Amino acid sequence: MFIQTETTPNEDSLKFIPGVPVMGEGTAEFLDTKSAFKSPLALRLMGIEGVTGVFYGPDFVTVSKDSETSWSVIKPEVYAMLMEHFSSGEPLFRSEEDRESAGPQDTRILDTDSETVAMIKELLETRVRPAIMEDGGDIEYRGFTDDGIVQLKLKGSCRGCSSSTVTLKSGIERMLMHYIPEVKGVEEVLDKEEEIALNEFQKLEERLAKQHGGEKKGSR
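If you're wondering where the values come from, they're calculated on a predicted model, not measured in any experiment.

Participant: Could you clarify how one ought to interpret the overall build of the protein chain in this entry?
Facilitator: Per the secondary structure count, the protein chain includes 7 helices and 8 strands. When burial is assessed residue by residue, the protein chain has 42% of its 220 residues classed as buried. Put simply, of all contacts in the protein chain between residues at least 6 apart along the chain, 60% involve residues at least 24 apart.

Given below as structure tokens:
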């Protein structure tokens, strides 16, 4: 078995392509060992020091790491685990129920959806999702507000990527507004855990900036 790797717009995420189907259809994302328990492979990958997330696409696995750990340390372990799993023929999930609950249900069109929401979901599923998966990521539909804003969550390599804002605004937003006049904009939605982590990171950056400023003054 030959596993290929592809870089993504996020330097802390790598796309691994085993040459065989992974999810086949749909996607699944694991950001901690609790969620990864549904998939033995994801659980093992999350056990590698420095790995922060695992994302399954139709035919690829995106692994994300923290910025302090080098890919030269992580890649050999990831290769070995992927090689062992896909050569063994073991199932990706512990049960069919686990597989279904791990994948996104966000773009499934419901009887309660308005015509506008149904069109948004259709475009996200058929036009946006395939393009974003090329970069090892995915999007999740989270809602459509009364003032015309489509709320999306970024997943896989798109999570925390510096170019994700450009993707949202110049790519997804422009296309949805072009086809659906009711859409006035697109915004990224974070889970509560992600908001807390982002706030803590911003506080740390501010503290470091103040320290750096104080050192500059003291050296004069």
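Participant: Honestly, the pattern of salt bridges in this entry has me stumped. Any pointers?
Facilitator: Side chains that differ in sign of charge can pair as their charged atoms come close. Across all of its chains, the model carries 5 salt bridges by this definition. Note that E6 and K15 form a salt bridge whose closest N and O atoms lie 3.8 Å from each other. Between D12 and K65 there is a salt bridge whose closest N-O contact spans 2.8 Å. In this pair, D12 is assigned in the loop between β1 (4-7) and β2 (13-17) and K65 in strand β5 (residues 61-65), connecting sequence segments 53 residues apart. With respect to burial, D12 and K65 carry one shared label: buried.

Participant: Would you explain helix α5 (residues 115-134) in this entry?
Facilitator: Taking 1.5 Å of rise per residue, 20 residues should cover 28 Å, and α5 covers 29 Å from first to last C-alpha, within 8% of that figure. V128 marks the point of greatest bend in α5, at about 40°, and the proline P130 comes within the next four residues. When we look at burial in α5, the residues that qualify are T116, V117, A118, I120, K121, L123, L124, V128, R129, I132 and M133. One or two steps after α5, the chain reaches G136, where phi turns positive at roughly 80°.

Participant: Explanation requested: the nonpolar core in the structure shown.
Facilitator: Across soluble globular proteins, you tend to see nonpolar side chains buried next to one another. L45, V54, Y56, V61 and L82 are the most contacted members of the largest nonpolar core, which has 27 residues in total. Elements with a minimum of two residues in this core: β2, β3 (28-30), α2 (40-46), β4 (51-56), β5 and α3 (71-88). Setting aside anything within four residues of it in sequence, one finds Y56 in contact with V22, M23, G26, T27, A28, F30, S39, L41, A42, V61, L92 and F93. In this structure, L124, I132, I139 and L176 belong to the second largest nonpolar core, which totals 17 residues.

Participant: Before we go on, may I ask you to explain the pairing of β1 in this structure?
Facilitator: Put simply, side chains in a regular strand alternate between the two faces of the sheet. Bridge analysis of β1 against β2 gives 4 bridges, and the strand direction is antiparallel. Following the sheet pairing, T5 is matched in β2 by F16.

Participant: Is there a simple way to think about the packing of aromatic side chains in this case?
Facilitator: Two numbers describe a pair of aromatic rings. These are the distance of the centres and the angle of the planes. Per the stated rule, a full pass over the model turns up 5 aromatic pairs. Taken together, the aromatic side chains of F30, Y56 and F93 make up a single cluster linked through ring pairs. One cation-aromatic arrangement involves K15 over F60; the distance from NZ or CZ to the ring centre is 4.7 Å. Lying across the ring of F37, R94 places its NZ or CZ 4.4 Å from the centre.

Participant: Sorry, what's going on with the side chain of T8 here?
Facilitator: Along the polypeptide, T8 turns up in the loop between β1 and β2. Note on T8: relative accessible area 12%, which makes it buried. At 2.8 Å, the side chain of T8 forms a polar contact with the backbone oxygen of N10. A distance of 3.0 Å separates a polar atom in the side chain of T8 from the backbone oxygen of S13.

Here is what the cut-offs are and how they apply
Residues numbered from 1 in each chain as written. Predicted model: local features only at pLDDT ≥ 70, side-chain atom pairs only at ≥ 80, totals over all residues. Heavy atoms only, no water. Helix = DSSP H or I, 4+ residues; strand = E, 2+ residues; numbered from the N terminus. Buried < 20%, exposed > 50% of the residue type's maximum accessible area, 1.4 Å probe, protein only. Contact = heavy atoms within 4.5 Å. Salt bridge = Lys/Arg side-chain N within 4 Å of Asp/Glu carboxyl O. Expected span 1.5 Å × (residues − 1). Bend = angle between axes of the 7 residues up to and from the residue. Core = buried A, V, L, I, M, F, W, Y, C linked by side-chain atoms within 4.5 Å. Pairing = 2+ DSSP bridges. Phe/Tyr/Trp six-rings, centres within 6.5 Å; stacked < 30°, edge-to-face > 60°. Lys NZ or Arg CZ within 6 Å of the ring centre and 35° of its normal. Polar contact = N/O pair within 3.5 Å; in protein donor to acceptor, adjacent residues only side chain to side chain.

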